[in-house]
Amino acid sequence: MSILVTGGAGYIGSHTCLELLNAGYEIVVIDNLSNGKLEAMNRVSELAKTDFKFYKIDLLNKKALETVFSENNIEAVIHFAGLKSVNESIETPLHYYHNNITGTLVLCQTMREYGVKKMVFSSSANVYGIPENVPVTEDAPLKPTNPYGRTKLMVEEILRDLYVSDNNWSVALLRYFNPIGAHESGRIGEDPNDIPNNLIPYINQVAIGKRDKLNVFGKDYDTHDGTGVRDYIHVVDLAKGHLKALEKVISTTGVDTFNLGTGVGYSVLDVIKNYENTTSQKIPYIFTHRRMGDIDKCYAETTKANKKLGWKATKSLEDMCLDAWRWQKNNPNGYAK
Ligand code: NAD
Ligand code: UFG
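Being a predicted model, the structure only gives us computed values, none of them experimental. Counting from 1, residues in each chain are numbered in the order their sequence is written. Going through the entries in the order they are written, you letter the chains from A and number the ligands from 1. Totals for whole chains, interfaces and linings use every residue, but because this is a predicted model, local features are given only for residues with pLDDT of at least 70 and side-chain atom pairs only at 80 or more, for both listing and counting. The side-chain values count all of the structure's non-hydrogen atoms but skip hydrogen atoms and water molecules.

All right, on to the overall build of the chain then. Comment: elements are numbered from the N terminus, with helices defined as DSSP H or I runs of at least four residues and strands as E runs of at least two. Scanning the chain from terminus to terminus reveals 11 helices and 14 strands. Restricting the calculation to C-alpha atoms gives the radius of gyration, and the globule rule supplies 2.2 Å times the number of residues raised to the power 0.38. Here the C-alpha atoms of the chain give a radius of gyration of 19 Å, agreeing with the 20 Å that 2.2 N^0.38 yields for 337 residues. The 337 residues of the chain split such that 53% are buried. The protein chains shown are the only cover counted for residues, whose accessible areas, like all others here, come from Shrake-Rupley with a 1.4 Å probe. About 14,500 Å² of surface is accessible on the chain, with carbon and sulfur atoms providing 49% of the total. Note on charges: Lys and Arg go in the positive column, Asp and Glu in the negative column, and His and the chain ends are not counted at all. Charge placement uses NZ in Lys and CZ in Arg. For Asp and Glu, CG and CD serve respectively. Once the 38 positive and 40 negative side-chain charges of the chain are each reduced to a mean point, those two points are 1 Å apart. Three exposure classes are used, based on accessible area relative to the maximum for each residue type with a 1.4 Å probe and protein chains only: buried under 20%, partly exposed in between, and exposed over 50%.

Rendered as structure tokens:
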């Protein structure tokens, strides 16, 4: 039996593939490589010292997806494939709704046809919108403020409806907070295609000399130092959370939601300071205006995942910064040669 990983050539997917292989799972990966990299798959194979099947296909291509299900004995699906830029989703909402929602519908239809009813889904803390309280619990109001977040919430609801219609489904909805860092080998990591939107990829490019300074978006937030506070989680901790969620969906039925974060919030200035101290790289920065749509603070209440999945993030912000820098230093151009 195999685990199908959609979007496995991407950032979180590649780290999860490695953890799955290391734990002895057989995996089959599909990705259209719109943002993922084939080289990431080669390196996962190299690190795990084992091979796995990779199909370069689009989720929207039902025929191709059917081939994957007919050629493999799929037990469960970990569904990462999706577009993830908040800004891009505001500019091209139809593209986001089509890819993230229709893609998931095609996947679920195909799963149902092949009798596969177990799924771990990549949702996002973005579904909470502007949290009324922190730490955010799973039962907090869901009010995403952009099309990207709405695609995540809509898919969550579709999966809940699916379970109501057929109680044999088993689904874990994982709401990630801010995944950063890289595998400690420095062989796989985050490789943004364009100018990075997210904090750590941008800091990495300042550290390697590709950009001269970081723009810190806003210094008048309601936080301990005025800069935005987030719950950064090491991508390997996050990947391990998927294995726990997978064990749960395989052994039960139902739909359950879990925050995957550390429960600790750090500000932008905390991250810069920590990065500088752990890597000995100077990160010049200036304060600029707030980025549209940004919030003061968001961090997770993680008790539910601790108790029900038996999972807890273990890596520190130092580990995250060191591993992010090692990846950047060893791969100045990401996966490109
Ligand atoms: P990523 O872009 O690195 O990985 C997503 C992968 O999906 C890419 O390899 C891309 O090529 C593939 N893909 C996209 N649409 C596809 C399609 N129609 N058919 C086949 N493949 C397709 O992103 P990531 O950071 O690894 O995120 C993985 C998932 O987690 C996404 O669903 C994302 O929305 C979600 N998420 C990410 C973050 C984050 O900060 N990275 C936070 C919360 C949630
Ligand atoms: N920031 C800067 N300068 C930058 C980039 C970011 O100051 O160049 C600040 C932001 O203002 C924010 C913090 O760094 O205060 C973190 O920003 P990110 O862009 O790294 O992360 P976000 O919390 O804004 O968003 C991320 C993902 C979303 C996801 C959300 C919750 O990009 O897709 O986490 O999971 F929904």
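Take the site of ligand 2 next. Here a residue counts as near a molecule or strand whenever at least one of its heavy atoms sits within 4 Å of it. Neighbouring residues of ligand 2: 21 residues in total, closest Asn 198, Asn 215, Arg 230, Arg 291 and Asp 294. Here a nitrogen atom of ligand 2 and a backbone polar atom of Asn 215 are 2.7 Å apart. The protein chains hide 88% of the 700 Å² of surface that ligand 2 would expose on its own. Gly falls in the polar group here, along with every residue not listed as nonpolar (Ala, Val, Leu, Ile, Met, Phe, Trp, Tyr, Cys, Pro) or charged (Asp, Glu, Lys, Arg). Residue composition of the shell around ligand 2, by class: 10 nonpolar, 7 polar and 4 charged. Contacts described as polar in this section are N or O atom pairs within 3.5 Å, which, within protein, must combine one atom able to donate a hydrogen with one able to accept it, while residues neighboring in sequence count only if both atoms come from side chains.

On to the site of ligand 1, then. Not every one of the 27 residues close to ligand 1 is listed here, only the nearest: Ile 12, Asp 31, Asn 35, Phe 80 and Tyr 148. In this structure, Asp 58 approaches ligand 1 through a side-chain N or O atom, which is 3.1 Å from a nitrogen atom. Within the side chain of Lys 84, one N or O atom sits 2.8 Å away from an oxygen atom of ligand 1. Bound to the protein, ligand 1 loses 95% of the 820 Å² it would expose on its own. Within the residue set of the shell around ligand 1, elements represented by two or more residues are α1 (11-22), β5 (118-124) and α6 (147-165). In terms of residue count, β5 provides more of the shell around ligand 1 than any other element does, 3 residues in total. Partitioned by chemical class, the residues of the shell around ligand 1 number 12 nonpolar, 11 polar and 4 charged.

The next subject is the side chain of Thr 279. By the secondary structure assignment, Thr 279 is in helix α9 (residues 268-279). In terms of polar contacts, Thr 279 uses its side chain to reach the backbone carbonyl oxygen of Tyr 275, at 2.7 Å. Those residues within four positions of Thr 279 in sequence are excluded, and the remaining contacts are Cys 321, Leu 322 and Trp 325. Contacts are assigned to residue pairs with any non-hydrogen atoms lying within 4.5 Å of each other.

A few words now on empty space enclosed by the protein. Regions of empty space are outlined by a rolling probe, equal in size to a water molecule, passed over the atoms. A cavity here means a set of points on a 1 Å grid, drawn over the protein atoms and nothing else, where a 1.4 Å probe fits but cannot get out; a pocket is an open set with protein on both sides within 12 Å along at least five of seven lines, and a residue lines either one if it has an atom within 4 Å of a point. Grid points are joined across faces, edges and corners, and a volume is the space filled by probe spheres set on the points. Summed over the entire model, instances satisfying the criterion amount to 1 cavity of 30 Å³ or more. In this structure, the largest cavity encloses a volume near 40 Å³. For the lining of the largest cavity, the element with the most residues is α6, which contributes 3 residues. Taken together, the residues of the lining of the largest cavity sort by class into 3 nonpolar, 5 polar and 1 charged.

Quantified by volume, the second largest pocket comes out at close to 240 Å³. In terms of lining, the second largest pocket is formed by 21 residues, of which the most central are Glu 190, Asp 191, Pro 192, Gln 205 and Gly 334. Listed by contribution, the elements that provide at least two residues to the lining of the second largest pocket are α7 (199-207) and α11 (317-330). With 4 residues, the single largest contributor to the lining of the second largest pocket is α7.

Another point: the sheet that holds strand β14 (residues 297-298). Strand pairing is defined by DSSP finding a minimum of two bridges between the two strands. Read across the sheet, 3 strands follow the order β12-β9-β14 without closing on themselves; strand pairing throughout is mixed. The two strands at the open ends of the sheet, each matched to only one other strand, are β12 (266-267) and β14. Pairing geometry for strand β9 (residues 229-230) and β14, over 2 bridges, is parallel. In the strand pairing of β14, Val 229 is matched with Lys 297.

So, about the packing of α9 against α11. Direction vectors running N to C along α9 and α11 enclose 65 degrees, while the axes themselves pass 9 Å from each other. Crossing geometry of α9 relative to α11 is assigned as right-handed. Of the residues in α11, those touching α9 at Asp 270, Val 271, Asn 274, Tyr 275, Thr 278 and Thr 279 are Leu 317, Glu 318, Cys 321, Leu 322 and Trp 325. Residues belonging to the contact of α9 with α11 are distributed by class as follows: 6 nonpolar, 3 polar and 2 charged. Note on definitions: angles span 0 to 180 degrees between N-to-C directions of axes, and those axes are lines fitted to C-alpha atoms, for helices only across the stretch in contact. For any pair of crossing helices, the crossing counts as left-handed if the nearer helix is rotated counterclockwise from the farther one by less than a right angle, and right-handed if it is rotated clockwise.

Moving on, we come to the sheet that holds strand β3 (residues 53-56). If you walk across this open sheet you meet the 7 strands as β3-β2-β1-β4-β5-β6-β11, and the pairing is parallel. Each having just a single partner strand, β3 and β11 (254-260) make up the two edges of the open sheet. Between one strand axis and the next, the sheet turns by 15 degrees as a mean value, whatever way the strands run. Pairing geometry for strand β1 (residues 2-6) and strand β4 (residues 74-79), over 5 bridges, is parallel. For Ser 2, the partnering residue across the bridge sits in β4 and is Ile 74.

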